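Per-entry structural report
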Amino acid sequence: MKKIVAFIMFLCLFVGLLAGCGSEKKSSTGSNEIKELKIAVSPYQDAETVKTAVGPLSTMLQGKLKEKGFAVGKVSVSVGTSYSAVGEALSAGSADAGFVSGATYVLFDKEIDVLLTALRQGISKDTTDVKIWNEGEPEKFNDKLVQHYRSVLVTGPSAKGKALLEKVKKGEKPSWEELNGLTWTVMSPASASGYLYPSLFLKKEYGKTIADLAHVVQAESYTTSMARLASGQADIAVAFSHIRIRNEKNWQTKLGGADTIWKQTGIIGVTDKIYNDTVCVSKTSKIMQDQKFRKAFGEALIEIGKTKEGLDALKILGHKGYDWADANNYEDERRVQRELKGK
């Protein structure tokens, strides 16, 4: 009997030692290992400029995720050739996460989930009244962090652009024929401010959309679009409402403007509010199927967005931090797309 008791005690001690060894191994590792996290960024500007600016996010994310128990060997950042290309990469799982517009999210929401909503710095003019945009002091950033922005129709220094702006300044509404005679520079159909909302604006005012215009050139970035406007290759551009603030310094030095952007451009149309950009994750990515990692990734970006280094890296995207997203907040995006499709 004593031998049996001794044997049982030995077994218990042995099992305890094994358990202790196992827990020590787990605590010494202290993290889940991920070989590579692939992040795709929409072409807010030309690819090299964006990639260089957001590059520091890689190291920041690795550090934050390590604090949360995830050892990521490499964070790869790529810039898509278009907004749709980033959505397609997320859908296919070739990108695990992406910085995309609300419109891109809605277009691909069967294959991607919205995780975060970007915060933006507000601007001094936030109205659909074009008179306010063309009079008084130029628009400028203020200290408010907001969850929305607008799209504007911007005329340039071409003869047709200037003539149309003067008409609008007099309180006259341009005819469809006048608009149709202009050369427009737009973004891809997945862009909210560069295509969708301006199309909805035209539909409300004229029963037409960008697709009905006779002279449309699609740009791969807003930098290209504004360069076309400055040089007179395009008469009108559609873009986010703070586009002139963003391009004020480069208008003459890099984009080809002959005078300041405030003297050579004007606003002839302003859309309704647009929900801010998103950070979305792929439903087909094995990494993002782990809900704990999704949460850690979201927390990491929120925390990074509260640091000076993080804000410096996010500056080129126009993001001033992030908050958790609610998919229901993007119902207006769905409505826009349904209306444009005639549904």
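Preceding block: the structure.
In this report, the structure presented in the accompanying data block is examined. Sequence positions are assigned chain by chain, starting from 1 and proceeding in written order. The model is predicted, so local features are restricted to residues of pLDDT at least 70 and side-chain atom pairs to those at 80 or more, both for listing and for counting; the totals for chains, interfaces and linings are taken over all residues. Excluding hydrogens and water, the side-chain figures rest on all heavy atoms present in the structure.

**A few points about the packing of aromatic side chains**
Given two aromatic rings, one states the distance between the centres and the angle between the planes to describe the pair. Aromatic pairs are defined between Phe, Tyr and Trp rings, using the six-membered ring for Trp, whenever the two ring centres lie within 6.5 Å; interplanar angles under 30 degrees are classed as stacked, those over 60 as edge-to-face, and all others as tilted. Counted under the stated rule, the structure contains eight aromatic pairs. For the pair F70 and F293, a centre-to-centre distance of 5.1 Å together with 75° between the ring planes defines the contact as edge-to-face. Of this pair, F70 sits in strand β2 (residues 70-79) while F293 is found in helix α14 (residues 291-304), placing the two residues 223 residues apart along the sequence. Any residue under 20% of the maximum accessible area for its type is buried, any over 50% is exposed, and the rest in between are partly exposed; the area is computed with a 1.4 Å probe on protein chains only. Overall, the relative accessible area of 5% leaves F70 in the buried class. The class for F293 is buried, based on a relative accessible area of 0%. Joined through ring pairs, the aromatic side chains of F70, F293 and F297 make up one cluster. Each helix is a run of H or I in the DSSP string that is no shorter than four residues. Each strand is a run of E no shorter than two, and both are numbered from the N terminus.

**Some remarks on the packing of helix α3 (residues 57-67) against α14**
One way to put it is that α3 packs onto α14 with a least axis distance of 9 Å and a crossing angle of 125°. If you check the angle between α3 and α14, you find them oblique. The two elements α3 and α14 cross, and the hand of that crossing is right-handed. Contact with α3, carried on its side by L57, M60, L61, K64 and L65, involves F293, A296, F297, A300, L301, E303 and I304 of α14 and no other residues of that element. Only C-alpha atoms enter the line fits that serve as axes; for helices the fit covers just the stretch in contact. Angles between N-to-C directions range over 0 to 180 degrees. If an angle is under 35 degrees, it is roughly parallel; if it is over 145, roughly antiparallel; if it lies from 65 to 115, roughly perpendicular; otherwise it is oblique. Handedness of a crossing follows from how the near helix is turned relative to the far one, being left-handed for an anticlockwise turn of less than a right angle and right-handed for a clockwise one. Whether two residues touch is decided by their heavy atoms; if any such pair falls within 4.5 Å, the residues are in contact.

**Things to note about helix α4 (residues 83-92)**
Among the 10 residues in α4, seven count as buried, and that is most of the element. For α4, the full list of buried residues reads Y83, S84, V86, G87, A89, L90 and S91. Of the surrounding elements, those touching the buried residues of α4 are β1 (32-41), β3 (97-100), α5 (102-107), β4 (112-118), α10 (222-231) and β14 (278-282). One or two steps after α4, the chain reaches G93, where phi turns positive at roughly 85°.

**As for the pairing of β3**
The alternating pattern of β3 places A97 and F99 on one face and G98 and V100 on the opposite face, and all of these are buried. For two strands to be treated as a pair, DSSP must find no fewer than two bridges joining them. As judged from the four bridges shared by β3 and β14, these two strands associate in the antiparallel manner. Residue pairing for β14: F99 is matched across the bridge by V279.

**Quick word on the pattern of salt bridges**
Any carboxyl oxygen of Asp or Glu that lies within 4 Å of a side-chain nitrogen of Lys or Arg is treated as forming a salt bridge with it. For the structure shown, the criterion picks out 16 salt bridges. With its nearest N and O atoms 2.5 Å apart, the salt bridge here joins K295 to E299. A residue pair is termed a helical-turn pair when its members lie 3 or 4 positions apart in one helix, as K295 and E299 do in helix α14 at four residues. The salt bridge partner of R335 is D332, with a shortest N-O separation of 3.8 Å. Of the two residues, R335 and D332 are both situated in helix α16 (residues 331-340); the distance of three residues between them amounts to about one turn of the helix. Look at D332 and you get partly exposed, because its relative accessible area is 32%. Via salt bridges that share partners, K64, K68, K295, E299 and E303 belong to a single interconnected network.

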